[in-house]
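# Inside the fold
Residue-level listing of the chains:
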Amino acid sequence: MATTSLYCPLATPPIASRTAMASIFATSAVLPLTLPLSPQRISSRLNKRFRPISARGGPSAKVSNGGERIENDLIVDNFLSAIADDSEVVNKPVKLPERDFAGTPICPCVRDVACKSYTSLLFCEVFNLGVINMDCDLVDPDALLDQLRVLKSVHVDGVMVDCWWGIVEANVPQQYNWSGYKQLFRIVRDLDLKMQVVMSFHECGGNVGDTVHIPLPLWVMEIGKSNPDIYFTDREGRCNTECLSWGTDKERVLRGRTAVEVYFDYMRSFRVEFDEFFESGTISEIEVGLGPCGELRYPSYPTKHGWTYPGIGEFQCYDKYLLKSLWKAAETRGHLSWARGPDNAGSYNSCPHETGFFRDGGDYDSYYGRFFLNWYSRVLIDHGDRVLALANLAFEGTCIAAKLSGIHWWYKTANHAAELTAGFYNPSNRDGYAAIAAMLQKHGVALNFTCVELRTLDQHEDFPEALADPEGLVWQVLNAAWDVGIPVASENALSCHDRESYNKILENAKPKNDPDGKHLSAFTYLRLSPALMEKPNFLEFERFVQRMHGDDDDAARTATDVLRSMYRRSSSGSSIADRQKSSPELDDCKCAKHAHKKWIVNHSYKSLMRCCAIHMTGNWLLPMYSSNDG
């Protein structure tokens, strides 16, 4: 299904010379539930052009036939009539100079990094965030099945699914309800798709694209009412209930368990309950949620607290557990006066130059500032270190990934203020991602990074004041990971349906002329929506999938063009014999309609219609044939 990726070190040029060289690229042992977990073992995501990376969400396209059996001949007639009508195809993309991706490495669509060999896969987040309800029941399985068949027809390798902590362990500690997920996983397995499963230990709702609200478990929220310090807290004392503070990692504040013990018990239960899907290879990767939106970062820019782009955000270290950690670090350093957060770092929507801490020559580069930022970023890295160590115990032998957010605003300043408040100590004179990559490499964990479809020029046109550089950030982070030899996968930050965005993803996924052949191990497309299902958008998506898989431009030409040409010939009065001469595949056909039907069934493996002919009804796609028809 893919060629094995090579991950050779690529020298990183000096920080000062970072340029907008974008690139995205670029069977497990079951851990018994009775295994004790000792303290010693624990210790070892505005507008059209920008949105912060958020919890996976957004409307999910429903492909449903309403339970009715549609006559195949009628669907073929309607389908062919639709594609023959040029007026049906709107917003036809302008022909742009493009790179030929023939023979390039396969990058799977919907992320599935094959364990150990790390072959490339293309995944798609197809599920509406409410596909599993709060009772852990699967909502509308028939529509889901239709949805997955459409994806299968365009060669998507698999799907991404969030397993929400707030649903599975909702009411009582260590009582897990996986029923809806089991039904969902069986559907995916029966279609021979891969799965990237996310251990989602965060709240869903309040971020860009979120259409449902899934809180943390109710029993955790009850604890939070009496002890709000279990949540991240800003300088004004506002708590963020999106996820637990990393200060609780080693504190027994969750009914006698620490936060990392709670995460481990949850992951271990999942591994036992879904053993058959691991053994069959249906589950190809586990992504472990490490913070808000599932990302390894502080919740420094919460919209619920009034943040808007391109604000620098605020430090989130004012719960009593993190303040205790800061006090110990200051005591060890011998400067107890440093046991405090910055008091001149502005507010959520400040600009760097408006603050005493982030302005040029500000306190961020003072002795105290360097001490604080080192501690702040070290807490982030230590949290990832602890949780990923336990994930490796729970999912031994399975590929594991961790996700980093693409905080690209203020990247062209010396301070990189938005990154600093999020926990990435990455000013212009320091590489803040190398230590994170080293931590991931220690555990053999793949890196998933975002915003690979964004172009720096677009950011400058829409928000020149943000001094953003997504291309430079992507280049830096991907190379930090490749330098230590770990696989790199990615996903888009915003919805994208245009060829320009897809080409940007392709360029980053497969860096041109890279001497070591580096490329992304997988790509996850966010997300399947009604807009994607519109005819021109879906044709572009299908073309994108083929190019990610390394098909040449001829193979990437959709069957729709061929069918339209065939239909016009049959409508212009040409004889069956003439059509047979021009299209040998029509030899056995007795009429134009049957000829078109046969072509669809037998030759659609390079198009939308690989396993099903597609009939457009409004914004939806209805499967017509199964792969066994013909």
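Note that the structure is a prediction, hence the values are computed from the model and not measured. (Residues numbered from 1 in each chain as written. Predicted model: local features only at pLDDT ≥ 70, side-chain atom pairs only at ≥ 80, totals over all residues. Heavy atoms only, no water.)

Summing up its helical and strand segments, the protein chain has 21 helices and 12 strands in all. Buried residues in the protein chain amount to 59% of all 630 residues. As displayed, the protein chain offers around 23,200 Å² of accessible surface, 50% of which is attributable to carbon and sulfur atoms. (Helix = DSSP H or I, 4+ residues; strand = E, 2+ residues; numbered from the N terminus. Buried < 20%, exposed > 50% of the residue type's maximum accessible area, 1.4 Å probe, protein only. Areas by Shrake-Rupley, 256 points an atom, 1.4 Å probe, with all protein chains shown as cover.)

It is worth spelling out the confidence of the model for the protein chain at this point. When pLDDT is averaged across the protein chain, the result is 76; 67% of the residues are at 70 or more. Across residues 109–120 the pLDDT falls below 50, and counting only partners more than four positions away or on other chains, this stretch makes 78 contacts in the model. Taken as a whole, residues 554–630 scores under 50 in pLDDT and shows 148 contacts with residues more than four places along the chain or in a different chain. (pLDDT = per-residue confidence, 0-100. Contact = heavy atoms within 4.5 Å.)

To continue, consider the pairing of strand S6 (residues 283–288). Across the six residues of S6, six count as buried, placing the element largely inside the fold. Bridge count for S6 against strand S7 (residues 399–404) is three bridges, and the pairing is parallel. Across the sheet, residue Ile286 finds its bridge partner in S7, namely Ile400. (Pairing = 2+ DSSP bridges.)

Turning next to the pairing of strand S5 (residues 239–244). Residues in a regular strand point their side chains to alternate faces of the sheet. Summarising the sheet, strand S4 (residues 231–233) and S5 pair through three bridges and their orientation is antiparallel. Bridge pairing links Phe232 to Asn240 in S5. The antiparallel pairing of S4 with S5 creates a hairpin that spans five residues between the two strands, and Gly237 there sits at a positive phi of about 85°.

This paragraph deals with the environment of Val545. Turning to its location among the elements, Val545 is positioned in helix H17 (residues 535–548). Along the sequence, Val545 and Val154 sit 391 residues apart, while their C-alpha atoms lie 7.3 Å from each other.

As for its placement among the helices and strands, Cys243 is situated in strand S5. For Cys243, a relative accessible area of 3% corresponds to the buried category. Spatially, the C-alpha atoms of Cys243 and Glu203 are 6.3 Å apart, while their sequence positions differ by 40 residues. Sequence-distant contacts of Cys243, that is, excluding residues within four places in its chain, are made with Phe201, His202, Leu216, Tyr231, Phe232, Gly291 and Pro292.

This next bit is on the nonpolar core. Counting 149 residues, the largest nonpolar core has Tyr181, Phe185, Phe270 and Phe541 as the members making the most contacts within it. With 14 residues, helix H10 (residues 367–394) is the single largest residue contributor to this core. With sequence-adjacent residues up to four places away left out, Phe541 is seen in contact with Leu151, Val154, Val156, Tyr502, Tyr525 and Leu532. (Core = buried A, V, L, I, M, F, W, Y, C linked by side-chain atoms within 4.5 Å.)

Turning our eyes to something else, we now look at unusual backbone geometry. Cis geometry is adopted by the peptide bond preceding Pro310, which originates at Tyr309 and carries an omega value of 5°. Structurally, Pro310 is set in the loop between S6 and helix H9 (320–333). Notably, His155 is not glycine yet its phi reads approximately 75°, a positive angle. With respect to the helices and strands, His155 occurs in the loop between helix H3 (141–153) and strand S2 (158–164). Among the residues examined, His155 registers a relative accessible area of 24% and is labelled partly exposed. At Asn513, a residue that is not glycine, the phi angle is positive and equals roughly 60°. Mapped onto the secondary structure, Asn513 falls in the loop between helix H15 (499–509) and strand S10 (522–526). Note on Asn513: relative accessible area 69%, which makes it exposed.

The next point concerns the packing of H10 against helix H12 (residues 434–442). The relative placement of two packed helices is expressed as an angle between their axes plus a distance between the axes. At a minimum axis separation of 10 Å, H10 and H12 run at an interaxial angle of 10°. In this view, H10 runs roughly parallel relative to H12, as classed from their interaxial angle. Taken together, the residues of H12 that come into contact with H10 (itself represented by Leu380, Ile381, Gly384, Asp385 and Leu388) are Ala435, Ile436, Met439, Leu440 and Lys442. For the contact of H10 with H12, the class distribution of residues is seven nonpolar, one polar and two charged. (Axes fitted to C-alpha atoms, helices over the stretch in contact; angles between N-to-C directions. Parallel < 35°, antiparallel > 145°, perpendicular 65-115°, else oblique. Nonpolar A, V, L, I, M, F, W, Y, C, P; charged D, E, K, R; others polar.)

Put simply, helix H7 (residues 259–273) and H10 touch, their axes get as near as 9 Å, and they point 25° apart. Overall, the two elements H7 and H10 adopt an arrangement that is roughly parallel. Along this stretch, H7 crosses H10, giving a crossing that reads as right-handed. Facing Val260, Tyr263, Phe264, Met267, Arg268 and Arg271 of H7, the residues of H10 in contact are His383, Arg386, Val387, Leu390, Ala391, Leu393 and Ala394. Classifying every residue of the contact of H7 with H10 by side-chain character gives nine nonpolar, one polar and three charged. (Left-handed = near helix turned anticlockwise from the far one by under 90°.)

Let us look at the packing of aromatic side chains. Inspection of the entire model under this criterion finds 47 aromatic pairs. The interplanar angle of 80° and the centroid separation of 5.9 Å between the aromatic rings of Phe270 and Phe278 together place this pair among those described as edge-to-face. When sorted by exposure, Phe270 lands in the same class as Phe278, which is buried. Centre to centre, the rings of Tyr301 and Trp409 are 5.3 Å apart; their planes meet at 80°, and the pair counts as edge-to-face. Within this pair, whereas Tyr301 is found in the loop between S6 and H9, its partner Trp409 is found in the loop between S7 and helix H11 (417–421), the two being separated by 108 residues in sequence. A relative accessible area of 6% places Tyr301 in the buried class. The ring of Tyr368 has Arg340 sitting right over it, with the charged end atom 4.2 Å from the ring centre. Above the face of the Tyr367 ring, Arg370 is positioned so that its terminal group lies 5.0 Å from the ring centre. (Phe/Tyr/Trp six-rings, centres within 6.5 Å; stacked < 30°, edge-to-face > 60°. Lys NZ or Arg CZ within 6 Å of the ring centre and 35° of its normal.)

Among all positions of helix H6 (residues 218–226), only Trp219, Val220, Ile223 and Gly224 are buried. End-on view of H6: buried residues confined to an arc of 145°, all on one side of the axis. Where H6 is buried, its residues meet helix H4 (165–168), S4, S5 and H7. (Arc of directions from axis to C-beta.)

The subject of this paragraph is the pattern of salt bridges. Applying the stated criterion across every chain yields a total of 27 salt bridges. Between Asp265 and Arg268 there is a salt bridge, with its nearest N and O atoms 2.9 Å apart. With a gap of three residues between them, Asp265 and Arg268 both fall in helix H7, about one helical turn apart. A single network of salt bridges, built from pairs that share partners, joins Glu169, Arg257, Asp265 and Arg268. (Salt bridge = Lys/Arg side-chain N within 4 Å of Asp/Glu carboxyl O.)

All right, on to the environment of Ala345 then. Among the secondary structure elements, Ala345 is positioned in the loop between H9 and H10. Placed 72 residues apart in sequence, Ala345 and Ala417 show a C-alpha to C-alpha distance of 9.3 Å. The contact partners of Ala345, leaving out residues within four places of it in the chain, are Ile312, Phe315, Thr355, Phe357 and Phe358.

When you line up the elements, Thr421 lands in helix H11. Judged by relative accessible area, which is 1%, Thr421 ranks as buried. At a separation of 2.7 Å, a polar atom in the side chain of Thr421 contacts the main-chain carbonyl oxygen of Ile312. Each residue touching Thr421, except ones within four places of it in the same chain, is listed here: Tyr298, Ser300, Ile312, Gly313, Glu314, Phe315, Phe358 and Tyr376. (Polar contact = N/O pair within 3.5 Å; in protein donor to acceptor, adjacent residues only side chain to side chain.)

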